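What follows is the residue order along each chain.
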Amino acid sequence: MAPGLRDIPEGTNGAASGVSTSDRDGSRHGKSWVGWLVSDDPPGRLLLNVIMLVVLAAFVFAPFLFPGTKALGVASRICIFVILVASYDLMLGYTGIVSFAHTMFFGAYGVAILLAKGWVGWWAVIVGAAAGVAVSLVVAVAIGLLSLRVRAIFFSMITLAVASFALILAEQWRDLTGGEDGLTFSVPAILKPGFRLFPDPVLGVTFNGRVITYYLIFIVSLVLFLLMLRIVNSPFGRVLQAIRENEFRVEAMGYQVVAYRTIVSALSAVMAALAGALMALLLGYNGPDATLSFSLMIDILLMIVIGGMGTMYGAVIGAVLVVLAEYYLQNILGAVHGVLPDVPLISALFHPERWLLWLGVLFVLIVTFFPQGIFGWLRHRR
Amino acid sequence: MSKEWQERLQYWAPYAVTPLLVLAVLPAMGFTAWVTLTVAGFTMGMMLFLVASGLTLIFGLMEVLNFAHAAFVTVGAYVTVSVLRPLGGWTADPSLTLNLAALLVALVAAAAASALGYVFERIIIRQVYGAPLRQILITIGALTVIEQLVIVVWGPEAIPLPKPASLRGSIFLGASSIETYRLFALFVGLAVAAAMHLVLTRTRIGLVVRAGVEDREMVQALGYRIRRVFVGVFIAGTALAGMGGMMWGQYQTLVTSQIGDGMIILVFIILIIGGLGSVGGCFIGAILVGLTSNYVGFLAPKLALGSNILLMALILLWRPRGLFPVAGH
């Protein structure tokens, strides 16, 4: 059913559309290191470049700009979600396949299990992350080979079923996963809040374990993000986009569509597993609700659709907006709720716990009116 | 074996799966338990079939995979709660006629939930025909919104939904006990399946629907307004989902806002097993899933929750497009 996959509006096809051909050639000859870093796929317009630079700067100086434990936690969470959403974009936005099992790979228990079982230090983290990645890779390839042969919609349904199975497994296999309570464990000493890198505050910020955790997460996320940007702008990435636009044609040109789809879903799973390892380090905890729940999957979809599919940068915008909304929209709703008269239905609509309702409405509106998302819309606005 | 026989085997093999399964587990458990579990499995299958058949027809006809189908199940269950609450005296009364009247009210209420289906088709589905990616996204979004609205209207707490008095308890068939409500659900499910079969095979509109599933454009070219047929099928499908929600809610005697989500994953497995768009496949798939859940739940409780995934994987390895693939899908 290839024609159906063509329903991403024209122009979201990633790199080439935002920047004219001559620009791309120019930067390639110019060999500017910034161009090399972003794989010759800059955000595009001046406004977008500025927004992205502001966001980048905000993250680089986050501990100085937004002091406080909560703000730093939010910033770390955003970084992790950027990776999670960008890796999902590899599948959804670039290849046109919908998976519901992304949280399954994100819920990599590898790090959590090893640390909770009494391993200590960085080796446990590395081995755990590697194990998580390996398991994700194998599972993703197995699902892909089982279901991507037939048609894309099968893949969506099967991933939904498998993801629910993984959630049940994590809840039931108490010995290994701690069941619904999850696992609490201690992270390496350097990442603990009590640790001090410098004895005195630097520019008013104490470099404790939390700040170090943040920078670790930020740097890994940045590297992974640039890596994914490189992947989608490689010949491999071009084939993916071609599959999204016209599967049959790509097949006719001699490419193994199934192989490409399976590889990209495996790649995406690996990235999600790495993001999951970072999440474990951030929280010192892993449980079904934190990393596996279906509402998290909805969050990912929200982020990617709001930000803009098939752009990579859209993941950044989406993750920033949705995570901020999750943390602060509740407060706003709470304020509105407090002001409103006590009319039964209306006040229930603005109950602080109903933030998902409003994000859902926003989601439907964006899919309806701005299918390119915020980033795509800004990039292609005349 | 001659070629002709091989073809026959190929054709009949999918039909043989269910009877073989039923017979294969008999030695593993006592006869008494086997009867109870088989009836329970068929019952669960019937309730799942109510929800799945609507979804498979909607998909078959218009290639729309409606993830928000789960929301209609939930709405159906909650509407039943609201309708039956003022009629509490009726359902507590052990006289059968009064109970059936109360159930009829519930059926009407569940069908009224399909009015929501009409609005839904108008607002949401209509704009995403032929765009599977946006369909999935927008129906997932709509599912979230409807579920949250259900919480707004009915509150976040789980609501108990007692079974009608005359359908509580069990009857004994030899030594095996069978819940009365299960027999009732079995009866309702079979009646709906039979009615659906008759409509699809004996009426003109059924003919158009079946033809539309096979080749939409050809039916359109012959002058039928396939969109209008589709709206009808969509409404009927949501009504069935609402009814399934009512039955499922009463069966579990508890209604939560997640009731549809829990069911829809089984429904998707049924669709995949049966072959997308095939009503017959959906019927057999539903029974298979119901039976597997009950048998495995009895024989190896630890495996119960994963058993249907396993079933799906096995069937996909054998037939990658499901047991009864529909041409063109």
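Residues numbered from 1 in each chain as written. Chains lettered and ligands numbered in written order. Predicted model: local features only at pLDDT ≥ 70, side-chain atom pairs only at ≥ 80, totals over all residues.

**Observations concerning the overall build of chain A**
Here comes step 1: Helix and strand content of chain A: 21 helices and two strands.
Here comes step 2: Restricting the contact set of chain A to residue pairs at least 6 apart, pairs at least 24 apart contribute 73%. (Helix = DSSP H or I, 4+ residues; strand = E, 2+ residues; numbered from the N terminus. Contact = placed C-beta atoms within 7 Å.)

**Considerations on helix α8 (residues 204–214) of chain B**
Residue and element names in this part refer to chain B.
Here comes step 1: Of the positions making up α8, those classed as buried are Val 209, Gly 212 and Val 213. Relative to the axis of α8, the buried residues are bounded by an arc of 100° and lie together on one face.
Here comes step 2: Looking at the buried positions of α8, the neighbouring elements they touch are α2 (31–62), α7 (180–202), α9 (216–221) and α10 (226–252). (Buried ≥ 20, exposed ≤ 12 C-beta atoms within 10 Å, placed from the backbone. Arc of directions from axis to C-beta.)

**What to know about the packing of helix α3 (residues 69–84) of chain B against helix α11 (residues 259–274) of chain B**
Two quantities define a packed helix pair, namely the angle between the axes and the distance from one axis to the other.
Residues and elements named next belong to chain B.
Here comes step 1: Following both chains from N to C, one finds α3 and α11 inclined at 135°, their axes separated by 8 Å at the closest point. As judged from the angle between their axes, α3 and α11 are oblique. The interaxial crossing formed by α3 with α11 has right-handed handedness. Of α11, the residues touching α3 (which contributes His 69, Ala 70, Ala 71, Val 73, Thr 74 and Ala 77) are Ile 259, Gly 260, Asp 261, Met 263 and Ile 264. (Axes fitted to C-alpha atoms, helices over the stretch in contact; angles between N-to-C directions. Parallel < 35°, antiparallel > 145°, perpendicular 65-115°, else oblique. Left-handed = near helix turned anticlockwise from the far one by under 90°.)

**Some remarks on the domain arrangement of chain A**
Residues and elements named next belong to chain A.
Here comes step 1: By domain assignment, chain A separates into domain 1 (84–292) and domain 2 (294–382).
Here comes step 2: The partner domain 2 presents 13 residues to the 15 residues of domain 1 that form the contact.
Here comes step 3: The leading source of residues in the side of domain 1 that touches domain 2 is helix α6 (residues 69–95), at eight residues.
Here comes step 4: Within the side of domain 1 that touches domain 2, the residues separate by chemical class into 10 nonpolar, four polar and one charged. (Domains from an automatic or database assignment. Nonpolar A, V, L, I, M, F, W, Y, C, P; charged D, E, K, R; others polar.)

**Structural notes on helix α18 (residues 313–339) of chain A**
Residues and elements named next belong to chain A.
Here comes step 1: Its 27 residues place the ends of α18 37 Å apart at the C-alpha level, agreeing with the 39 Å of an ideal helix rising 1.5 Å per residue.
Here comes step 2: Along α18, the sharpest change in direction is near 45° and occurs at Glu 326.
Here comes step 3: Buried within α18 we find Tyr 313, Gly 314, Ala 315, Val 316, Ile 317, Gly 318, Ala 319, Val 320, Val 322 and Val 323.
Here comes step 4: Residues of α18 that are buried sit in contact with α4 (46–60), α6, α17 (294–307) and α21 (373–380). (Expected span 1.5 Å × (residues − 1). Bend = angle between axes of the 7 residues up to and from the residue.)

**Structural notes on the interface of chain B and chain A**
Here comes step 1: Taken together, the 31 residues of chain B in the interface contact 37 residues of chain A.
Here comes step 2: At the level of elements, α6 (132–154), α11 and α13 (304–318) of chain B are the ones that each hand at least two residues to the side of chain B that touches chain A.
Here comes step 3: When residues of the side of chain B that touches chain A are assigned to their parent elements, the largest contribution, 14 residues, is made by α6 of chain B.
Here comes step 4: Within the side of chain B that touches chain A, the residues separate by chemical class into 23 nonpolar, six polar and two charged.

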